[in-house]
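# Chain and residue survey
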Amino acid sequence: VLLDVNANFLFSGNLKGDGATLFDSIKTSNGAIINDEGEYAKVRTFERGLFAGARLGYVLPVFRKNPNSGPFFSIGAGILQHKIRIEVDGNDAPQLNGDYKKGYDKLCNGPAITEFVGYLYLSHDHLLNFYAGFEFYQAFTQSRRSWDFNMMQRDTKKRIDLLYSFKFGWIIPIYRRVPDKFYFN
């Protein structure tokens, strides 16, 4: 049985869903945002988020020589939070600075559950230790902003966010010293 307390950072440059219509209320007819100099602002958007939680896992000991290695699965729970990171080159678009930016960032969070299915290998010599497999998240989130400028109202919709990934990790074990079986005076 394994206990895992963890925090994971989420990031992406590819927004789906709200990303295409995010700034519709402040875009010109040709789809640009005007900065404070009357020119087109250079606006970039990214996904940012984090998961923090704990998991309980189990290794199926299918090999007699190494019972600490084999197929591995775990389940856990925690908090998932994500938002849209908005960057404006030169910070020259006042409609996307300070508190105004918060009206567009779609900050959401809520409880989440997670599952992992994969393989765990812990060598006898403690040098080669790794895991690999698939990880799944289901989060029950909602907006944490008091106003959504894109919707022109408060977003009260409850969401189910589904995430999945392939995960690989290298493990650096820390073992306590086993007491000697024989003591000499």
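Check the entry above for the structure.
Residues numbered from 1 in each chain as written. Predicted model: local features only at pLDDT ≥ 70, side-chain atom pairs only at ≥ 80, totals over all residues. Heavy atoms only, no water.

## Considering the packing of aromatic side chains
Scanning all chains against the criterion turns up eleven aromatic pairs. With a centroid separation of 6.3 Å and 40 degrees between ring planes, the pair formed by Tyr-100 and Phe-149 is classed as tilted. Of this pair, Tyr-100 sits in helix H1 (residues 98-102) while Phe-149 sits in the loop between strand S5 (129-143) and strand S6 (158-170); the two residues are 49 residues apart in sequence, bridging distant segments of the chain. Using a relative accessible area of 22% as the deciding quantity, one classes Phe-149 as partly exposed. Both rings, one in Phe-134 and one in Phe-166, keep their centres 5.6 Å apart while their planes meet at 70 degrees; by these two values the pair is edge-to-face. Remark: Phe-166 occurs in strand S6 and Phe-134 occurs in strand S5; sequence separation between them is 32 residues. Overall, the relative accessible area of 57% leaves Phe-166 in the exposed class. An aromatic cluster is defined as three or more aromatic residues linked by ring pairs; in this entry it consists of Phe-23, Tyr-100, Tyr-104 and Phe-149. (Phe/Tyr/Trp six-rings, centres within 6.5 Å; stacked < 30°, edge-to-face > 60°. Helix = DSSP H or I, 4+ residues; strand = E, 2+ residues; numbered from the N terminus. Buried < 20%, exposed > 50% of the residue type's maximum accessible area, 1.4 Å probe, protein only.)

## Let's talk about the sheet that holds strand S4 (residues 108-122)
Backbone-to-backbone hydrogen bonds join strands into a sheet, with any given pair of strands oriented parallel or antiparallel. What the six strands build is an open sheet, ordered S1-S2-S3-S4-S5-S6; its pairing is antiparallel. Looking at the sheet topology across the chains shown, the edges are occupied by strand S1 (2-12) and S6. Direction aside, the axes of adjacent strands within the sheet are offset by 20 degrees on average. Taken together, the 13 bridges between strand S3 (residues 70-88) and S4 define a ladder with antiparallel strand orientation. Opposite Gly-78, over in S4, you have Ala-112 as the bridge partner. (Pairing = 2+ DSSP bridges. Axes fitted to C-alpha atoms, helices over the stretch in contact; angles between N-to-C directions.)

## Brief notes about the pattern of salt bridges
With the rule as written, the count across this model stands at ten salt bridges. Where Asp-161 meets Arg-159, a salt bridge forms, and the shortest distance between an N and an O atom there is 3.3 Å. With relative accessibility at 10%, the residue Asp-161 sits in the buried group. It is possible to trace a salt-bridge network through shared partners that takes in Asp-4, Arg-55, Glu-135 and Lys-167. (Salt bridge = Lys/Arg side-chain N within 4 Å of Asp/Glu carboxyl O.)

## A word on the nonpolar core
If you look at the biggest cluster of nonpolar residues, it comprises ten residues: Leu-22, Phe-23, Ile-33, Ala-41, Ile-84, Ile-86, Val-88, Ala-93, Leu-96 and Tyr-104. Sequence-distant contacts of Ile-33, that is, excluding residues within four places in its chain, are made with Phe-23, Ile-26, Lys-27, Glu-39, Tyr-40, Ala-41, Val-43, Gln-95 and Leu-96. By size, the runner-up hydrophobic cluster in this structure holds six residues, among which are Leu-10, Phe-51, Leu-80 and Tyr-137. (Core = buried A, V, L, I, M, F, W, Y, C linked by side-chain atoms within 4.5 Å. Contact = heavy atoms within 4.5 Å.)

## Thoughts on unusual backbone geometry
The backbone of Asn-91 sits at a positive phi, close to 45 degrees, despite the residue not being glycine. You can see Asn-91 is positioned in the loop between S3 and H1. At Met-152, a position not held by glycine, the phi torsion is positive, near 60 degrees. Its place among the elements puts Met-152 in the loop between S5 and S6.

## Quick look at the environment of Asn-129
Structurally, Asn-129 is set in strand S5. In this structure Asn-129 comes out as buried when scored by relative accessible area, which is 0%. Along the primary structure Asn-129 and Pro-94 are separated by 35 residues, whereas in three dimensions their C-alpha atoms are 51 Å apart. Setting aside residues up to four positions removed in sequence, Asn-129 forms contacts with Tyr-121, Leu-122, Ser-123, Gly-169, Trp-170, Ile-171 and Pro-173. Within the local environment of Asn-129, its side chain forms a polar contact with the backbone nitrogen of Ser-123, the two atoms lying 3.0 Å apart. (Polar contact = N/O pair within 3.5 Å; in protein donor to acceptor, adjacent residues only side chain to side chain.)

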